[in-house]
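Structural overview
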Amino acid sequence: MRQRLSPAVLTVYVWIAMVAFGGIAVETVVIYPNVFHDVPASLAESMEFFVVTGPADFFPPMGAVTVVASVATLVLAWPMRETRLWAGGSLLSLLLGEFLFSALYFWPRNDIMFEEGAAVHSAEVLRQTALEFETGHWGRLAMSAVTATLAFTGLWRLHRGRALAAAAPAGGAS
């Protein structure tokens, strides 16, 4: 059962990790230049625009699904050395480089810019916070790329190992 389930779960995890990376890339390259183009006015405009839904509605659930898929992948892939290290590295990158970094670095800045805003902070503080956020977001994008790449490499190694095992002559004699 594990033999069939592992590749399927790993494939789903790779897909989720790549979708998450794509979402973070779009956020970084398309959305954030608009959000941060004229702080503090653009922050207020963004809050008006993202009334129905926004990045804060997509990324927390997506992050949770990614973590669950990553842990499931690691558990199922544990007996397969060729996959275990890549799946473990992907989970580590996800937890440290994306989740922990987001919680410690981005969440306080989100509060300053989008919860407290101009009612509590000067325009200069908001501009500085926005610059820090944008700069840090490139790091989050890089870590998301690492997470997806490690997951994909694990899947590739799993399929490669299976293909080589299937192609090996029975009994090892040629």
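Scroll up for the structure.
Residues numbered from 1 in each chain as written. Predicted model: local features only at pLDDT ≥ 70, side-chain atom pairs only at ≥ 80, totals over all residues. Heavy atoms only, no water.

**Some remarks on helix α3 (residues 55-77)**
Note the following rule: Strands here are runs of E lasting at least two residues and helices are runs of H or I lasting at least four, both read from the DSSP assignment and numbered beginning at the N terminus. By definition here, a helix of n residues has an expected span of 1.5 Å times n minus one. Throughout this description, buried means an accessible area under 20% of the type-specific maximum (1.4 Å probe, protein chains only), exposed means over 50%, and partly exposed covers the range between.
The end-to-end C-alpha separation of α3 is 31 Å, in line with the 33 Å expected for 23 residues at 1.5 Å each. The set of residues buried in α3 consists of P55, M62, T66, A69, S70, T73, L74, L76 and A77.

**Considerations on the pattern of salt bridges**
In plain terms, the rule: A side-chain nitrogen of Lys or Arg and a carboxyl oxygen of Asp or Glu constitute a salt bridge if their distance falls within 4 Å.
If you walk through the whole model with that rule in mind, you get 2 salt bridges. Note that R109 is salt-bridged to E132, the shortest N-O span being 3.0 Å. Separated by 23 residues along the polypeptide, R109 in helix α4 (residues 81-116) and E132 in helix α5 (residues 123-167) bring together distant segments of the chain. On the basis of relative accessibility, which here comes to 26%, the residue E132 falls in the partly exposed class. With a shortest N-O distance of 3.7 Å, E124 and R127 are connected by a salt bridge. In this pair, E124 and R127 are both assigned in helix α5, 3 residues apart and thus about one turn of the helix distant. Judged by relative accessible area, which is 48%, E124 ranks as partly exposed.

**Focus on the packing of α3 against α4**
A pair of packed helices is captured by two measures, namely the crossing angle of their axes and the spacing between those axes. Counted only if it meets this: Helix axes use the C-alpha atoms of the stretch in contact, all axes being lines fitted to C-alpha atoms, and the angles between their N-to-C directions lie in the range 0 to 180 degrees. Oblique is the label for every angle not falling under 35 degrees (roughly parallel), over 145 degrees (roughly antiparallel), or within 65 to 115 degrees (roughly perpendicular). Note on convention: the crossing is left-handed when the near helix lies turned anticlockwise from the far helix by less than a right angle, right-handed when the turn is clockwise. Contacts were defined at the residue level, with two residues in contact if any of their heavy atoms lie within 4.5 Å.
As a packed pair, α3 and α4 sit with axes 9 Å apart at the nearest point and diverge in direction by 155°. Considering their axes alone, α3 and α4 lie roughly antiparallel with respect to each other. With respect to the hand of their crossing, α3 and α4 are arranged in left-handed fashion. Of α4, the residues touching α3 (which contributes T66, V67, S70, V71, T73, L74 and A77) are T83, R84, A87, G88, S90, L91, L94 and L95.

**Quick notes on the packing of aromatic side chains**
Basically, it comes down to this: Any pair of Phe, Tyr and Trp rings, taking the six-membered ring for Trp, is counted once the centres come within 6.5 Å. Such a pair is stacked with planes under 30 degrees apart, edge-to-face with planes over 60 apart, and tilted for the rest.
The final tally for this structure, using the stated rule, is 10 aromatic pairs. Aromatic side chains Y32 and F133 sit 5.2 Å apart centroid to centroid with 80° between the ring planes, which places their arrangement in the edge-to-face category. Note that Y32 is positioned in helix α1 (residues 2-35) and F133 in helix α5, a separation of 101 residues in sequence. As far as the burial class goes, Y32 and F133 line up, both buried. Relative to F133, the ring of F36 has its centre 5.5 Å away and its plane inclined at 50°; by these criteria the two rings are tilted.

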